[in-house]
Amino acid sequence: MIIEVKGWQSSGKGLVTVACDLHHLRFDGYSPDEVYVNYKLLIPGVHCLKNQDMVQFCTDMVKKGYKHKLINITEADRVFPARYWQKIAQTEALLGMWQDEKLFNIVYYDVHAGTGVDVNLRNVRQMAMLPKYDKFHDLVNIHVINGLYGTEYDLVLPNVSKNIFPKYDRWEVID
């Protein structure tokens, strides 16, 4: 499954993707050593990669057939930007991304509203999540668009200050 989380700055994109990571770790049989992120996820055993290393990991994931991985790419509009699509390394990193189901991989990527990602990544997206952080009520409202089933629904992620914020460093600069 390949899921895009899209929104403006401070809309809760990171909260949603970290919550999804935690869910998969707790309920779906993923272990921390199967998780690859390009931000500081504060869970022992998780692989926290720099942006360039994430590009290389995505390339290797398909070429070498890495299976049962949970990949979370924050600020994908910087890692795989739309306007640099002609870069061969970027294209190679994304070719075969649609092998996610055969490889039992789950890929989340977040992107800022108003920007885009490489067409190869955008075209394999199967689901989109549009978060809206409500600081006063300590929750994130999420509108989900499931392209596989042609459905839309809403979710609420409650108690984020207690359950999600302590699990990652939101303020670390991504390079």
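Quick notes on the rules
- Residues numbered from 1 in each chain as written.
- Predicted model: local features only at pLDDT ≥ 70, side-chain atom pairs only at ≥ 80, totals over all residues.
- Heavy atoms only, no water.
- Core = buried A, V, L, I, M, F, W, Y, C linked by side-chain atoms within 4.5 Å.
- Buried < 20%, exposed > 50% of the residue type's maximum accessible area, 1.4 Å probe, protein only.
- Helix = DSSP H or I, 4+ residues; strand = E, 2+ residues; numbered from the N terminus.
- Contact = heavy atoms within 4.5 Å.
- Expected span 1.5 Å × (residues − 1).
- Pairing = 2+ DSSP bridges.
- Phe/Tyr/Trp six-rings, centres within 6.5 Å; stacked < 30°, edge-to-face > 60°.
- 1 Å grid on protein atoms, 1.4 Å probe; cavity = no way out; pocket = protein on both sides within 12 Å on 5 of 7 lines; lining within 4 Å.
- Points joined across faces, edges and corners; volume = space filled by probe spheres on them.
- Nonpolar A, V, L, I, M, F, W, Y, C, P; charged D, E, K, R; others polar.

Undergrad: Even after reading the chapter, I still don't get the nonpolar core, so can you show me in this structure?
TA: Ranked by internal contacts, the top residues of the largest apolar core, which has 27 residues, are Leu 41 and Met 129. Breaking this core down by element, the ones donating at least two residues are β1 (2-7), α1 (13-27), β2 (35-37), β5 (106-112), β6 (127-134) and β7 (139-146). For this core, the leading source of residues is α1, giving 6 residues. The residues contacting Met 129, other than those within four sequence positions of it, are Ile 3, Glu 4, Val 5, Lys 6, Val 16, Cys 20, Ile 142, His 143 and Val 144.

Undergrad: What exactly am I supposed to notice about helix α2 (residues 51-63) here?
TA: A turn of α-helix holds 3.6 residues, and therefore any two residues three or four places apart point the same way. Taking 1.5 Å as the rise per residue, α2 with 13 residues should run 18 Å; its terminal C-alpha atoms sit 19 Å apart, in good agreement. Buried within α2 we find Asn 51, Met 54, Val 55, Phe 57, Cys 58, Thr 59, Asp 60 and Met 61.

Undergrad: Would you take a moment to explain the pairing of β5 for this structure?
TA: Remember that side chains alternate between the two faces of the sheet whenever the strand is regular. Most of β5 sits inside the fold, with 7 of its 7 residues counted as buried. With burial as the criterion, each face of β5 is covered, one bearing Ile 106, Tyr 108, Asp 110 and His 112 and the other bearing Val 107, Tyr 109 and Val 111. Strand direction decides the pairing type here: strand β4 (residues 70-73) and β5, joined by 4 bridges, are parallel. Its bridge partner being in β5, Leu 70 is matched across the sheet by Ile 106.

Undergrad: Explain the packing of aromatic side chains to me, please; I cannot follow it from the model alone.
TA: By convention here, two paired aromatic rings are described through the distance between centres and the angle between planes. Applying the stated rule across the entire model yields 5 aromatic pairs. On the numbers, 4.0 Å between centres and 20° between planes, the contact of Tyr 36 with Phe 57 is stacked. Separated by 21 residues along the polypeptide, Tyr 36 in strand β2 and Phe 57 in helix α2 bring together distant segments of the chain. Taking the relative accessible area as the measure of exposure, Tyr 36 reaches 12% and is therefore buried. Ring centres 6.1 Å apart and planes at 85° place the aromatic pair Tyr 133 and Phe 165 in the edge-to-face group. Taken as a pair, Tyr 133 in strand β6 and Phe 165 in the segment after α7 (160-163) lie far apart in primary sequence, 32 residues in all. The class of Tyr 133 is partly exposed, set by a relative accessible area of 24%. Here the aromatic residues Tyr 39, Tyr 133, Phe 165 and Tyr 168 are joined through ring pairs into a cluster of three or more.

Undergrad: Looking at this structure, how should I read the layout of surface pockets?
TA: The method is simple in principle: a probe with the dimensions of a water molecule rolls over the atoms, and the space it marks as empty is what remains. In this structure, the largest pocket occupies an estimated 550 Å³ of space. In terms of lining, the largest pocket is formed by 24 residues, of which the most central are Lys 13, Gly 14, Thr 74, Glu 75 and Arg 170. Put simply, the parts of the chain that give the lining of the largest pocket at least two residues each are α1 and β5. Counting residues per element, the lining of the largest pocket draws most heavily on α1, which supplies 5 residues. In the lining of the largest pocket, the residues fall into 9 nonpolar, 8 polar and 7 charged. For the second largest pocket, the calculated volume is near 280 Å³. Within the residue set of the lining of the second largest pocket, elements represented by two or more residues are α1, β5, β6 and β8 (151-158).

Undergrad: Would you mind going over the pairing of β1 with me for this structure?
TA: Burial runs high along β1: 5 of the 6 residues are buried. Of the pairings in the sheet, the one linking β1 to β6 comprises 3 bridges and is parallel in character. Residue pairing in the sheet places Val 5 in a bridge with Met 129 of β6.

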